[in-house]
Amino acid sequence: MSAAAISAADRVAIRAVLAAYVQVVDNADWEHVHEVFTPEARFAGQPLAKVIEGWAAMVASRPVPLFPHQCTDPVLYAVAPGVVRSWSKFFTVRTDGTITSGDYLDTFVRHADGRWRIRERQASLGNRPESDPFGPSRRSFTTTLWRTAAGE
Amino acid sequence: MAAEPAIETVHAVEQALALYDHLVDNGEWEHLPLILAEDFTLVAPAGSFAGAPGARAYEELAGEHLPAHHVINTQVETTADPGLVRAWSRYLLVTWEYEARAGDYLDLLRLTGDGPRLVRREVLPRGAGGQFRLGHASFERWRAVGA
């Protein structure tokens with residue numbers, strides 16, 4: 001496994017975008033979403049704008065803020081010049097103090113402004129029981145998927 | 001205090017530690033040699049475990065539903081051997097029952113042309129269930145790793 005193709009500066013920049021994502025989502029700060037995603041980005045196969053509509057409705061309907069997300073464990077793999085696949089994990093602390101975990105699988109591209117942005121994100125809720133409020137889940141991401149450019 | 005490693009080394013170590021979590025959580029045991037040295041040893045309250053098969057045996061002690069592994073708070077230092085670095089991290093485990101477990105990893109990694117490889121990992125639980133059976137992680141204990 002070699003990660004030499006990604007410079008230290010690019011790693012820091014990509015990790016900063018992963019960190020910014022949780023601030024945008026947890027604060028429902030949609031006007032800053034362009035700092036994280038490209039304009040044409042897709043999330044779970046859907047256009048980002050449509051996904052944000054759903055998130056905004058969900059946040060508005062909740063009596064409490066969205067559970068805070070923490071992003072950890074990023075592993076980066078360059079699949080082409082200016083294109084990096086990132087596999088990271090998140091955990092959330094719910095209002096009752098319980099904790100959940102999941103994964104993000106992203107395609108980062110260097111945007112026209114020179115900064116890294118997410119062009120495509122897939123999310124997994126990891127392994128969760130049938131009774132989970134967000135539904136049951138089983139892991140489906142793999143090392144092969146991580147190292148493969150989205151859409152291939 | 002040991003010299004600071006190059007930022008590229010720090011990132012490579014962090015990536016190796018994170019990839020361990022991904023591989024374990026997804027049961028990709030066949031890929032563990034990507035980040036474990038052939039002579040890898042894991043030491044935990046449950047005992048000592050050798051190689052990639054040992055790492056799998058240790059992780060599967062958790063039962064049918066393995067917890068999700070997260071690694072945070074990693075520090076990396078050089079050792080007297082330029083081919084080895086030590087790392088001290090906190091781990092966070094998220095269980096099937098939505099509970100958290102935490103503790104420390106004291107790691108020794110060998111730097112290779114294909115990236116860092118874990119040579120030794122000591123797992124030191126903190127809090128519920130762990131209770132310092134093997135003592136607790138400290139700067140002195142960490143800096144004895146690979147000394």
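In this text the structure is predicted, and so the values were computed from the model without any measurement. (Residues numbered from 1 in each chain as written. Chains lettered and ligands numbered in written order. Predicted model: local features only at pLDDT ≥ 70, side-chain atom pairs only at ≥ 80, totals over all residues.)

A.B. asks: Got a sec to walk through the overall build of chain A? Specific residues and values, please.
C.D. replies: Scanning chain A from terminus to terminus reveals 3 helices and 6 strands. Counted from the first residue to the last, chain A has its helices and strands arranged as α-β-β-α-β-β-β-β-α. The C-alpha radius of gyration of chain A comes to 15 Å, within 12% of the 15 Å expected for a compact globule of 152 residues. Its C-alpha atoms give chain A principal-axis dimensions of roughly 45 × 30 × 25 Å. (Helix = DSSP H or I, 4+ residues; strand = E, 2+ residues; numbered from the N terminus. Rg over C-alpha atoms; globule rule 2.2 N^0.38 Å.)

A.B. asks: Please set out the nonpolar core residue by residue, giving values where relevant.
C.D. replies: All names here are of chain B. In terms of nonpolar packing, the biggest core is built from 60 residues, with Val13 and Ala16 touching the most fellow members. In terms of residue count, helix α1 (residues 7-25) provides more of this core than any other element does, 9 residues in total. Apart from residues lying up to four places away in sequence, Val13 is in contact with Val76, Val85, Ala87, Leu109 and Pro116. (Core = buried A, V, L, I, M, F, W, Y, C linked by C-beta atoms within 7 Å. Buried ≥ 20, exposed ≤ 12 C-beta atoms within 10 Å, placed from the backbone. Contact = placed C-beta atoms within 7 Å.)

A.B. asks: Could you give me a rundown of the interface of chain B and chain A, with the residues and numbers involved?
C.D. replies: Of the residues lining the interface, 27 residues belong to chain B; the matching set on chain A comes to 24 residues. Only α1, β3 (68-78) and β4 (84-94) of chain B provide two or more residues apiece to the side of chain B that touches chain A. It is α1(B) that contributes the most residues to the side of chain B that touches chain A, 10 residues altogether. Taken together, the residues that form the side of chain B that touches chain A break down as 13 nonpolar, 8 polar and 6 charged. (Nonpolar A, V, L, I, M, F, W, Y, C, P; charged D, E, K, R; others polar.)

A.B. asks: Got a sec to walk through unusual backbone geometry? Specific residues and values, please.
C.D. replies: Residue and element names in this part refer to chain A. Backbone geometry at Ala44 places phi at a positive 55°, although glycine is not the residue there. When you line up the elements, Ala44 lands in the loop between β1 (37-43) and β2 (46-47). In this structure, Asp73 is a non-glycine residue whose phi angle is positive, near 55°. Within the secondary structure, Asp73 sits in strand β3 (residues 69-80). In this structure Asp73 comes out as buried when scored by C-beta crowding, with 25 C-beta atoms within 10 Å.

A.B. asks: Describe the confidence of the model for chain B, naming the residues involved and giving the relevant values.
C.D. replies: On average, residues of chain B carry a pLDDT of 93, and 95% of them reach 70 or more. For this predicted complex, the interface confidence reaches an ipTM of 0.93, while the overall pTM sits at 0.93. (pLDDT = per-residue confidence, 0-100.)

A.B. asks: Report on the sheet that holds strand β1 (residues 36-44) of chain B, specifying residues and quantitative values.
C.D. replies: Backbone hydrogen bonds hold the strands of a sheet together, and the pairing may be parallel or antiparallel. All names here are of chain B. Spatially, β2-β1-β6-β5-β4-β3 is the arrangement adopted by the 6 strands of the open sheet, whose pairing is mixed. Where the open sheet ends on each side, the last strands, each with one partner, are β2 (47-50) and β3. Pairwise comparison of adjacent strand axes, ignoring direction, gives a mean angle of 20° for this sheet. The pairing of β4 with strand β5 (residues 100-112) spans 11 bridges and is antiparallel. Paired with Leu93 across the two strands is Arg101, which belongs to β5. Sheet strands in contact with α1 are β3, β4, β5 and β6 (115-126), and its direction is about 155° off that of β3. (Pairing = 2+ DSSP bridges. Axes fitted to C-alpha atoms, helices over the stretch in contact; angles between N-to-C directions.)

A.B. asks: Account for the pairing of β1(A), with residues named and values stated.
C.D. replies: All names here are of chain A. Sheet analysis places β1 next to strand β6 (residues 116-124), joined by 3 bridges and oriented parallel. Residue pairing across strands places Phe43 opposite Arg121, the latter belonging to β6. Pairing of β1 with β2, which is carried by 2 bridges, proceeds in the antiparallel orientation. Across the sheet, Arg42 pairs through a bridge with Pro47, a residue of β2. Connecting the antiparallel pair β1 and β2 is a turn made up of 2 residues, with Ala44 showing a positive phi of about 55°.

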